[in-house]
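The lines below spell out each chain.
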Amino acid sequence: MTTQIFMASTLYGTATLAAALDTECFRPADRRILLISNNAATPETAPALDEMPGFERLRTRFDDVISWNETISPFHPGGWSPRMDDVPLWERHLRLLWGLGDDDVELAVESIQVHPALGFTQIFTGAPVTVYADGLMSYGPTRNKIDPLVGTRIDRLLHLDLVPGLEPLLLTEFGVPAEIVPTDAFVKVLAELVDTGDALPAVEEPALLLGQYLSALGILTSEEEEDLHVRMLKGAVALGHTRVVFKPHPSAPARWSRGLEKEAERLGADLTVLDTPVLAEVLYQRMRPALVVGCFSTALLTASALYELPVARVGTGTLLERLAPYENSNRVPVTVVDALLPDLGDRAAVEARKPGMSVADLNRLVRAVGYAMQSKIYPSLRTEAESYLARHLSTHTLRYFKRRRLTSLGLPGGIPVQLAFIPRNATVRRVARRARSLKRATLG
């Protein structure tokens, strides 16, 4: 007997799994379990995956649905993993609790670098693992060094073809091959969810604004993120869109919407704020937006690649500057969106709907950024990174790197070794400040 266990935390990820199952990306099994995990900071106050509109349409692919939160309660999924000495006990416990018996177990998880996926895969020590990616992070490097006892069990990376031609970097340090979940199958699964938002307003061809709640990640302050939404609104109105729909992040505070409503009234725009937690892809099918605006949401790429909708980005330059540390796992998603999609303020680029960078150049850029982020995990990429920086580093491409990081790695574009001491030398900085003040006094 073979039992396959699929761990999921989002409706988008579950739809990815459904499309993979529909197209036989997984071999036949006697039993399939969907293990749902609510990774919200306070799971008790956030809707669980099986409570989301449309879940029942996807649930038919699985024999059982089990809650990981309930299984490990009172621990939080994002912060718990079994102690190594307790792993055999946990495997026996789960086999008894879930009725697995002596079945051969196969696992499918997302975000293998962190918990809950990492802790879960550590329990079933002999089980093969498929990693599936439901977003842009599959194109970036593995964020942490994975224990070989886990990494060598991963047999493939399933991912959506959100940027056709762009090659995933995730898990390549273990030689894990990437496999595309057929796009038409994924679109077909999303079509099953088209009527799940019964309470959605009937708005045709609006400009759709996507909120992400970046302040919760510590990337922006609440005020800055609120201002980002206002910039989205102003930019859409400047392009002639008078009907605007704002899809806030489910966890975002309601006051952000009120501030946006005041700005819309001032601009004379007809703004609709959604309070139904549905996938952006449902809105694409129901409303056929005339424009989709966001920061670096994966939904921007599904709009462009899957539904051929015009898209525009806002705020990626600020995020590239703010993301810290440099190896922040959001860096490659932000880089991809910034390099590929037009800025909302560039009317010609938005209307032309042409990618800002060729896929070949984007591949080289992502691999160079990936090496700069995780040089110890991907030492084989150094030559490619040096070549890219030597040939393509400019005022524009420097936005994707940091001088300090290039310097520490000895890469082109860094500060020459003989001058590297200057930024850290207090005396030199004091003399430079004195010289600048004298210059201002003289000019004044």
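Just above, that's the structure.
Conventions used here
- Residues numbered from 1 in each chain as written.
- Predicted model: local features only at pLDDT ≥ 70, side-chain atom pairs only at ≥ 80, totals over all residues.
- Heavy atoms only, no water.
- Helix = DSSP H or I, 4+ residues; strand = E, 2+ residues; numbered from the N terminus.
- Rg over C-alpha atoms; globule rule 2.2 N^0.38 Å.
- Buried < 20%, exposed > 50% of the residue type's maximum accessible area, 1.4 Å probe, protein only.
- Contact = heavy atoms within 4.5 Å.
- Salt bridge = Lys/Arg side-chain N within 4 Å of Asp/Glu carboxyl O.
- Expected span 1.5 Å × (residues − 1).
- Arc of directions from axis to C-beta.
- Phe/Tyr/Trp six-rings, centres within 6.5 Å; stacked < 30°, edge-to-face > 60°.
- Lys NZ or Arg CZ within 6 Å of the ring centre and 35° of its normal.
- Lys, Arg positive; Asp, Glu negative; His and termini not counted.
- Pairing = 2+ DSSP bridges.
- Axes fitted to C-alpha atoms, helices over the stretch in contact; angles between N-to-C directions.

Caption draft 1: Molecular detail of the overall build of the protein chain. Counting secondary structure elements, the protein chain contains 18 helices and twelve strands. Compactness check: the protein chain gives a C-alpha radius of gyration of 24 Å against a globular reference of 22 Å for 444 residues, within 12% of the reference. In terms of overall dimensions, the protein chain has a C-alpha envelope of 85 × 55 × 40 Å along the principal axes. The burial tally for the protein chain puts 52% of its 444 residues in the buried class. Summarising the internal contacts of the protein chain: among those between residues at least 6 apart in sequence, 72% fall at separations of at least 24.

Caption draft 2: Spatial organisation of the pattern of salt bridges. Under the definition given, this model contains 19 salt bridges. With a closest N to O distance of 2.9 Å, Arg 57 and Asp 195 form a salt bridge. Here Asp 195 lies in the loop between helix H7 (183-191) and strand S8 (207-210) and Arg 57 lies in helix H2 (residues 55-59), a separation of 138 residues in the sequence. According to the relative accessible area criterion, Arg 57 is partly exposed, its value standing at 34%. With its nearest N and O atoms 3.1 Å apart, the salt bridge here joins Arg 382 to Glu 386. Residue Arg 382 and its partner Glu 386 are located together in helix H16 (residues 382-392), separated by four residues, close to a single helical turn. A cluster of three or more residues bridged by salt bridges with shared partners is formed by Arg 313, Asp 338, Asp 343 and Arg 399.

Caption draft 3: Seen up close, the environment of Trp 68. Position of Trp 68 relative to the elements: it lies in helix H3 (residues 68-72). The class for Trp 68 is buried, based on a relative accessible area of 1%. Expressed as a C-alpha distance, the spacing of Trp 68 and Val 87, which sit 19 residues apart in the sequence, is 16 Å. Contact partners of Trp 68, with chain neighbours within four places excluded, come to Met 7, Leu 35, Ile 36, Ser 37, Pro 77, Trp 80, Leu 94, Trp 98, Pro 116, Phe 120 and Ile 123.

Caption draft 4: Structural context of helix H9 (residues 254-267). In this model, H9 (14 residues) spans 20 Å end to end at C-alpha, consistent with the 20 Å of a helix rising 1.5 Å per residue. Of all the positions in H9, only Trp 256, Ser 257, Leu 260, Glu 263 and Ala 264 are classed as buried. For H9, the arc enclosing every buried residue in end-on projection is 120°, short of the 170-degree limit, so these residues lie on one face. Structural note: H9 exposes Ala 254, Lys 262, Glu 265 and Arg 266 on the side pointing more than 90 degrees away from its buried face. Considering only its buried residues, H9 is in contact with helix H8 (222-238), strand S9 (243-247) and strand S10 (270-273). One or two positions beyond H9, positive phi appears at Gly 268, with a value near 75°.

Caption draft 5: Inspection of the packing of aromatic side chains at higher detail. All told, the structure shown has twelve aromatic pairs when counted by the stated rule. A ring pair is formed by Trp 68 and Phe 120, whose centres lie 5.3 Å apart and whose planes are at 70°; its orientation type is edge-to-face. One end of the pair, Trp 68, is in helix H3; the other, Phe 120, is in helix H5 (residues 117-123), and 52 residues separate them in sequence. Taking the centre distance of 5.7 Å and the plane angle of 65° together, the rings of Tyr 284 and Tyr 307 count as edge-to-face. Taken as a pair, Tyr 284 in helix H10 (residues 280-287) and Tyr 307 in the loop between helix H11 (298-305) and strand S12 (311-313) lie far apart in primary sequence, 23 residues in all. Taking the relative accessible area as the measure of exposure, Tyr 284 reaches 0% and is therefore buried. Here the aromatic cluster, defined as three or more aromatic residues joined through ring pairs, consists of Trp 68, Phe 75, Trp 80, Trp 90, Trp 98, Phe 120 and Phe 124. Residue placement shows Arg 156 over the ring face of Phe 26; its charged tip is 4.8 Å from the ring centre.

Caption draft 6: Geometry of the side chain of Asp 103. Relative to the helices and strands, Asp 103 resides in the loop between helix H4 (87-97) and strand S4 (104-109). As a buried residue without a salt bridge, Asp 103 has its nearest oppositely charged side chain in Arg 31, at a separation of 5.4 Å.

Caption draft 7: Fine view of unusual backbone geometry. In this chain, Ser 73 is followed by Pro 74 through a cis amide linkage whose omega measures 15°. The residue Pro 74 is located in the loop between H3 and H4 in this model. Residue Pro 116 is bonded to the preceding His 115 through a cis peptide linkage, with omega at 15°. Tracing the sequence through the fold places Pro 116 in the loop between S4 and H5.

Caption draft 8: Representation of the sheet that holds strand S7 (residues 178-181). Pairing is parallel across the open sheet formed by seven strands, whose spatial order is S3-S2-S1-S4-S5-S6-S7. In this open sheet, the two edge strands, each paired with only one partner strand, are strand S3 (64-67) and S7. Taken pair by pair, the neighbouring strands of this sheet meet at an average axis angle of 25°, ignoring direction. Pairing of strand S2 (residues 31-36) with S3, which is carried by four bridges, proceeds in the parallel orientation. Paired with Ile 33 across the bridge in S3 is Asp 64. Most of the contacts of helix H1 (residues 11-22) go to strand S1 (residues 2-8), to which it runs at about 150°, and overall it touches S1, S2, strand S5 (129-133), strand S6 (154-160) and S7.

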